[in-house]
Amino acid sequence: MTGRIVITGAGGLVGRVLAGQARQQGRDVLALTSSEWDITDASAAERFIYPDDVVVNCAGYTKVDDAEANPDLAAAVNTAGPENLAQACARAGASFIHLSTDYVFSGSFPDGVPRPYDIDDDTGPLSVYGRTKLAGEFAVLAAMPDAHIVRTAWIYEGRDGSDFAAQMRRAALGTDTVNVVADQIGSPTYVVDLVGALLQIADDSISEPVLHAANTGAASRFEQAQAVFEELGADPERVRPVGSDEHPRPAPRPPYSALSEVKSAAAGLTPLRPWRVALAEALGNSGA
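This text gives an overview of the structure that appears in the document. (Residues numbered from 1 in each chain as written. Predicted model: local features only at pLDDT ≥ 70, side-chain atom pairs only at ≥ 80, totals over all residues. Heavy atoms only, no water.)

Description of the pattern of salt bridges
Enumeration according to the criterion identifies 14 salt bridges in this entry. With a closest N to O distance of 2.8 Å, K263 and D120 form a salt bridge. Within this pair, whereas K263 is found in helix 7 (residues 262-266), its partner D120 is found in the loop between strand 4 (95-101) and helix 3 (128-143), the two being separated by 143 residues in sequence. The partly exposed category is assigned to K263, whose relative accessible area is 34%. On the basis of relative accessible area, D120 is assigned to the exposed category, the value being 52%. We note a salt bridge from R276 to E230, for which the minimum N-O separation is 2.8 Å. Note that R276 is positioned in helix 8 (residues 275-284) and E230 in helix 6 (residues 221-231), a separation of 46 residues in sequence. The exposure class of R276 is partly exposed, given its relative accessible area of 32%. Given the relative accessible area of 39%, E230 is considered partly exposed. One network of salt bridges, in which partners are shared, links D65, R249 and R253. (Salt bridge = Lys/Arg side-chain N within 4 Å of Asp/Glu carboxyl O. Helix = DSSP H or I, 4+ residues; strand = E, 2+ residues; numbered from the N terminus. Buried < 20%, exposed > 50% of the residue type's maximum accessible area, 1.4 Å probe, protein only.)

Shown next, in the form of structure tokens:
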């Protein structure tokens, strides 16, 4: 087991679950919210990072639509902030794990046939959010080549929060129908499984700098929503497929952004479970 786990953005879903799971394993944890540790302040890191720490950056500007109107803020948090952390870790002799996103990909393929993205596939973000996250990847690795970038996707807990599965859980427990886009396909990822991967990366000597950690398989938002209804014993026919054009958003989403685990597994990362198996556990643990 590694030394201390230091978590930025601990008020968010991944940071909160990571801190809880790490403590359950008996690890020494320092978990700070974004109000306690502003990663855009380059000098702040010096107060928190020590030799042999493993710093896991869960802080990020994740309001994908709002980023279109606030590109400077998104860049400060998603690009400059991670660069600050990487530089501080390099100076202190700490390890660094930075969370990134499937939205660094465009969703288009030269042959027109979608397939889960490998870690070395061409990127092509469509949104300010995606572009600032990709720039953050480059900035981190330029500052600290032995850092780890961990791309993940469609993170959920499925309980009472604002994540998509939680929203669909509430809808399933009601009586109304719900319209869900069927032309956005990705890798629904249970936060508990993602956190397990982050802790493995913290402990293991994985040399690949960029990794994918998402539950295996691919699903549309519509398919994910139907699966939530089915797991809770609700009628999946109450979920109705619509196109993205019926729910216009400020930021474009990639039509396909599922992540492949193949090359990450070859680098030593244990593949996450199939997304439907993970979803069943998440909803079973929700007390529904």
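Side note on the pairing of strand 1 (residues 5-8)
Residues I5 and I7 point to one face of strand 1 and V6 and T8 to the other, with burial holding for every one of them. Pairing of strand 1 with strand 2 (residues 29-31), which is carried by 3 bridges, proceeds in the parallel orientation. The partner of V6 across the bridge, within strand 2, is L30. The parallel pair strand 1 and strand 2, bridged by helix 1 (residues 13-24), forms a crossover whose chirality is right-handed. Inspection of the sheet shows strand 1 paired to strand 3 (residues 54-57) by 4 bridges, in the parallel sense. The partner of I5 across the bridge, within strand 3, is V54. (Pairing = 2+ DSSP bridges. Right-handed = clockwise from strand over helix to strand, strands pointing away.)

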